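Single-letter residue listing:
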Amino acid sequence: MARADTGDSDSGRREIRLVEEEDGRWSAIDEGVGVASHGETRSEALANLDEAVALHRGEIGTPVTDADLRDLGVDPDSVPDEPREPDAPWFSE
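Residues numbered from 1 in each chain as written. Predicted model: local features only at pLDDT ≥ 70, side-chain atom pairs only at ≥ 80, totals over all residues. Heavy atoms only, no water.

Draft legend 1. Fine view of the overall build of the chain. On a plain count of helices and strands, the chain comes out with two helices and four strands. Ordered by position from N to C terminus, the α and β elements of the chain give β-β-β-β-α-α. Within the chain, residue pairs in contact and separated by at least 24 positions form 18% of the contacts whose partners lie at least 6 positions apart. Counting only carbon and sulfur atoms, one obtains 46% of the accessible surface of the chain, whose full area is about 7000 Å². (Helix = DSSP H or I, 4+ residues; strand = E, 2+ residues; numbered from the N terminus. Contact = heavy atoms within 4.5 Å. Areas by Shrake-Rupley, 256 points an atom, 1.4 Å probe, with all protein chains shown as cover.)

Draft legend 2. Here's a closer look at the pairing of strand S2 (residues 15-20). Across five bridges, S2 lies against strand S3 (residues 26-30) in antiparallel orientation. Residue Ile-16 lies in a different strand from S3, and its bridge partner there is Asp-30. Between the antiparallel neighbours S2 and S3 lie five residues, among them Gly-24 with a positive phi of about 95°. (Pairing = 2+ DSSP bridges.)

Draft legend 3. Geometry of helix H1 (residues 42-57). With 16 residues, H1 should cover 22 Å at 1.5 Å per step; its first-to-last C-alpha distance of 22 Å lies within 8% of that length. Among the residues of H1, those classed as buried are Ala-45, Leu-49, Ala-52, Val-53 and Ala-54. In the core, the buried residues of H1 are packed alongside S2, S3 and strand S4 (35-39). Of the residues trailing H1, Gly-58 is marked for its positive phi of about 80°. (Expected span 1.5 Å × (residues − 1). Buried < 20%, exposed > 50% of the residue type's maximum accessible area, 1.4 Å probe, protein only.)

Rendered as structure tokens:
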């Protein structure tokens, strides 16, 4: 596991954790934001994490509407309005 401590989120700096998985792929976790991604290489995992964080923060992409959810066969009332704690074991390590 590699750890890149770039400071706290209040200063615009991030703490990123890199984990080499048993299958050889890499997971990248932004500890402060609570977002994770993965890739075949460390570079790909970090690039995917940057995109995931930007999506999470609303900096890129478009918001999902109730109509979008219905088109995907998801009942909009079953989706919480507020983010929940992720059910992902690597956030509780």
